[in-house]
Amino acid sequence: MDIDTRLLRAFAAVVDEGQLTAAASRLGVAQPTLTKRIRLLEEQLEVRLFERSRTGMAPTAAARELAARVPALLSGWAAALEATRAAAGRAAVLHVGFESGTIHLVGLATVEAFTRRMPGWQVRLRQFNGFDSGAALDAGEIDLALWHAPPEEGGTTPDGRYGCAPLGLDERWAVLPTGHPLAGRAELEMAELLDEAVVALPAAAGLRQDHWVGADARGGRPVRIGAVVHSPDEWLAAVACGQGIGFAPASVGALAGRPDVVFRPVRGLGPSRAGLHWRADRPPAPAAEAFVLSCRETVAVGGRMRPPTGAVAQTASNGAG
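Calculation notes
- Residues numbered from 1 in each chain as written.
- Predicted model: local features only at pLDDT ≥ 70, side-chain atom pairs only at ≥ 80, totals over all residues.
- Heavy atoms only, no water.
- Helix = DSSP H or I, 4+ residues; strand = E, 2+ residues; numbered from the N terminus.
- Buried < 20%, exposed > 50% of the residue type's maximum accessible area, 1.4 Å probe, protein only.
- Contact = heavy atoms within 4.5 Å.
- Areas by Shrake-Rupley, 256 points an atom, 1.4 Å probe, with all protein chains shown as cover.
- Salt bridge = Lys/Arg side-chain N within 4 Å of Asp/Glu carboxyl O.
- Axes fitted to C-alpha atoms, helices over the stretch in contact; angles between N-to-C directions.
- Parallel < 35°, antiparallel > 145°, perpendicular 65-115°, else oblique.
- Left-handed = near helix turned anticlockwise from the far one by under 90°.
- Nonpolar A, V, L, I, M, F, W, Y, C, P; charged D, E, K, R; others polar.
- Core = buried A, V, L, I, M, F, W, Y, C linked by side-chain atoms within 4.5 Å.
- Expected span 1.5 Å × (residues − 1).
- Pairing = 2+ DSSP bridges.
- Phe/Tyr/Trp six-rings, centres within 6.5 Å; stacked < 30°, edge-to-face > 60°.

**Side note on the overall build of the protein chain**
Turning to step 1, where the next piece is worked out: Looking only at helices and strands, the protein chain features twelve helices and 15 strands.
Turning to step 2, where the next piece is worked out: Considering the protein chain as a whole, with its 321 residues, one finds that 46% of them fall into the buried category.
Turning to step 3, where the next piece is worked out: Looking at the protein chain alone, contacts between residues at least 24 apart form 74% of all its contacts between residues at least 6 apart.
Turning to step 4, where the next piece is worked out: Taken as a whole, the protein chain presents about 14900 Å² of accessible surface, with 53% of it coming from carbon and sulfur.

**Concerning the pattern of salt bridges**
Turning to step 1, where the next piece is worked out: Following the criterion strictly, the structure yields 13 salt bridges and no others.
Turning to step 2, where the next piece is worked out: Of the charged contacts in the structure, one is a salt bridge between Asp16 and Arg279, with a shortest N-O distance of 3.0 Å. A residue pair is termed long-range when its members are at least 10 positions apart, and Asp16 in helix 1 (residues 5-17) and Arg279 in strand 13 (residues 272-279) qualify at 263 residues.
Turning to step 3, where the next piece is worked out: On the accessibility criterion, Asp16 (44% relative accessible area) is partly exposed.
Turning to step 4, where the next piece is worked out: One salt bridge in this structure joins Arg267 and Glu187, with 2.1 Å as the shortest N-O distance. Of this pair, Arg267 sits in strand 12 (residues 261-267) while Glu187 sits in the loop between strand 7 (172-177) and strand 8 (188-189), and the two are 80 residues apart along the sequence.
Turning to step 5, where the next piece is worked out: A relative accessible area of 37% places Arg267 in the partly exposed class.
Turning to step 6, where the next piece is worked out: When salt bridges that share partners are traced, they join Asp16, Arg279 and Asp281 into one network.

**Examining the packing of helix 6 (residues 108-117) against helix 11 (residues 286-298)**
If you want to describe how two helices pack, look at the angle between their axes and the distance between the axes.
Turning to step 1, where the next piece is worked out: It is at 8 Å that the axes of helix 6 and helix 11 come closest, and there the two elements cross at 135°. The orientation of helix 6 relative to helix 11 falls into the category oblique. Considering only the axes of helix 6 and helix 11, their crossing is right-handed. Contacts from Ala109, Thr110, Ala113, Phe114 and Arg117 of helix 6 reach helix 11 at Ala287, Ala290, Phe291, Leu293, Ser294, Cys295, Glu297 and Thr298.
Turning to step 2, where the next piece is worked out: Of the residues assigned to the contact of helix 6 with helix 11, the class counts are eight nonpolar, three polar and two charged.

**Observations regarding the environment of Leu81**
Turning to step 1, where the next piece is worked out: Within the secondary structure layout, Leu81 lies in helix 5 (residues 70-87).
Turning to step 2, where the next piece is worked out: For the pair formed by Leu81 and Ala92, sequence separation is eleven residues and the distance between their alpha carbons is 9.4 Å.

**What about the nonpolar core?**
Turning to step 1, where the next piece is worked out: Counting residues in each nonpolar core, the largest one holds 25 residues, and the members touching the most others are Leu94, Val96, Phe114, Leu144, Leu276 and Phe291.
Turning to step 2, where the next piece is worked out: In terms of residue count, the dominant contributor to this core is helix 11 (six residues).
Turning to step 3, where the next piece is worked out: Not counting residues up to four positions away in its chain, the partners in contact with Phe291 are Leu94, Val96, Val106, Thr110, Phe114, Val123, Leu144 and Leu276.

**Thoughts on helix 1**
Turning to step 1, where the next piece is worked out: Under the 1.5 Å per step criterion, the end-to-end length of helix 1 is 18 Å for 13 residues, consistent within 8% with the ideal 18 Å.
Turning to step 2, where the next piece is worked out: All of the buried residues in helix 1 are Leu7, Leu8, Arg9, Ala10, Phe11, Ala12, Ala13 and Val14.
Turning to step 3, where the next piece is worked out: Trailing helix 1 by a residue or two, Gly18 shows a phi angle of about 80°, which is positive.

**What about the pairing of strand 2 (residues 56-59)?**
Turning to step 1, where the next piece is worked out: As paired elements, strand 1 (residues 50-53) and strand 2 share four bridges and run antiparallel to each other. Bridge pairing in strand 2 links Ser53 to Gly56.
Turning to step 2, where the next piece is worked out: Counting the residues that bridge the hairpin from strand 1 to strand 2 gives two residues.

**Describing the packing of aromatic side chains**
Turning to step 1, where the next piece is worked out: Taken as a whole and assessed by the stated rule, the structure comprises three aromatic pairs.
Turning to step 2, where the next piece is worked out: Residues Phe11 and Phe50 carry aromatic rings whose centres are separated by 5.8 Å and whose planes lie at 50° to one another, so their mutual orientation is tilted. Here the residue Phe11 occupies a position in helix 1, and Phe50 occupies one in strand 1, the gap between them amounting to 39 residues.
Turning to step 3, where the next piece is worked out: For Phe11, a relative accessible area of 0% gives the class buried.
Turning to step 4, where the next piece is worked out: On the accessibility criterion, Phe50 (0% relative accessible area) is buried.

As structure tokens, then:
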């Protein structure tokens, strides 16, 4: 029996999310497409995988058995592809995704350090919007993703879905249109921003939407969303046009290049952690570990260079500092 790996990735996403809508958003596909893949997998396996209800998709006993084995199957297939390409003399490629706020961190020094560790390998960089690199990780389209997340201790994101090798901390600053009443201040208090409308990422961004509206510093007060955007350019334009204020890594301020917005430090708003992420159920391959170590040698976050350390497993457990 031949099974398309896309069907297995669709199945794994539905098991993790418990509903079709969230799983489709995570994979970056339309919900009817995801439904079709699940049904096709059930037909090929000749078993029922989910009990469907108004509240979601509950995995059957057969689905739980399959779910326990899918991560190893997908990881093994990825390893087989790499080995086959290497044997054929094709350059092995590590696929790394970046958010717009982090893509400036990696340069030639990082790539050179990586190729010294992994001769014959290439790094292919891919820029994402602020929320869809997670879907690319889930789908196996990239091996690592560099993004900002809450500076939680431990080797995973707060939701447990992604492993993390932290690179350093970057302050979160407020971004305001130049005509805003607070734009002339050198520094702001989070308390005076709580009633402001905020330009936000879509709900599909999950914990990163919360992080970039400052949910953790609101003391339980709800955020008022002035606009939802899907790209960095949309976000900056929405702030400039007065649809809401924004929050961003301080390092982005030097790259914005717009005279109609200002970036200001905020007291009472904690930092963000820049780090390389991977699916927690798919441990990073040696090439991914080599890239992490190369970033630790060459990447400066928040004006500080993080010294190189040992294995990824050790550094990931140290948190961000």
